[in-house]
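Each chain is listed here by its residues.
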Amino acid sequence: MCPPSPSNPRAVTRPMCQTDKSRPSLTSTPSLAAFSTPLVPTIRVFKSFPFNEFLVFLTLYFVVVRNQDFSKYVRFNTMQAIVLDVLLIFPDLLERTFNPRDGVGLDLLMSLESTMFLFRLVSLIYGCSSCTLCFG
């Protein structure tokens, strides 16, 4: 049986455009820079209104996750995108709490942010590929 996979591309890509901190990681790798360039205007529009993040979260939760008319795969993967989105809070919390400027603290924060970015990227690739293979 095929694992659940995201059928809602907006829900899946939501954690990828959540933060501007992933932008240096995207643009520093030439192969990823081609994919990140079209996302820059989307990120700017998304960040222009302070309550967009919260409104998108509520919309996804109440319209998709709690709606029994959607298939269980769409609801499950939307919830997975919401959980990935919540994971983005931790690097911000650490940065605001400790505010490392240099040294080991900054190195640890950069490592944590890189790890979170890679985890989100792998989750996105896995979800899209399993969606393509199972439902294509």
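Reading the values: rules and limits
Residues numbered from 1 in each chain as written. Predicted model: local features only at pLDDT ≥ 70, side-chain atom pairs only at ≥ 80, totals over all residues. Heavy atoms only, no water. Axes fitted to C-alpha atoms, helices over the stretch in contact; angles between N-to-C directions. Helix = DSSP H or I, 4+ residues; strand = E, 2+ residues; numbered from the N terminus. Parallel < 35°, antiparallel > 145°, perpendicular 65-115°, else oblique. Contact = heavy atoms within 4.5 Å. Nonpolar A, V, L, I, M, F, W, Y, C, P; charged D, E, K, R; others polar. Core = buried A, V, L, I, M, F, W, Y, C linked by side-chain atoms within 4.5 Å. Buried < 20%, exposed > 50% of the residue type's maximum accessible area, 1.4 Å probe, protein only. Salt bridge = Lys/Arg side-chain N within 4 Å of Asp/Glu carboxyl O.

K.L.:
Please set out the packing of helix α4 (residues 39-48) against helix α5 (residues 52-65) residue by residue, giving values where relevant.
P.N.:
Helix-helix packing is characterised by the crossing angle of the two axes and by the distance between the axes. Put simply, α4 and α5 touch, their axes get as near as 7 Å, and they point 95° apart. Here α5 runs roughly perpendicular to α4, going by the angle between their axes. Between α4, through Val45, Phe46 and Lys47, and α5, the contact on the second element is made entirely by Asn52, Glu53 and Val56. Taken together, the residues of the contact of α4 with α5 sort by class into three nonpolar, one polar and two charged.

K.L.:
Describe the nonpolar core, with residues and values.
P.N.:
One finds Leu60, Val64, Val65, Val74 and Ile82 forming the largest nonpolar core, which totals five residues. Of all the secondary-structure elements, those providing two or more residues to this core are α5 and α6 (72-87).

K.L.:
Kindly report on the pattern of salt bridges, identifying the contributing residues and their values.
P.N.:
A full pass over the atoms with the stated rule returns one salt bridge. Close ionic contact of Lys47 with Glu53 constitutes a salt bridge, the shortest N to O distance being 3.1 Å.

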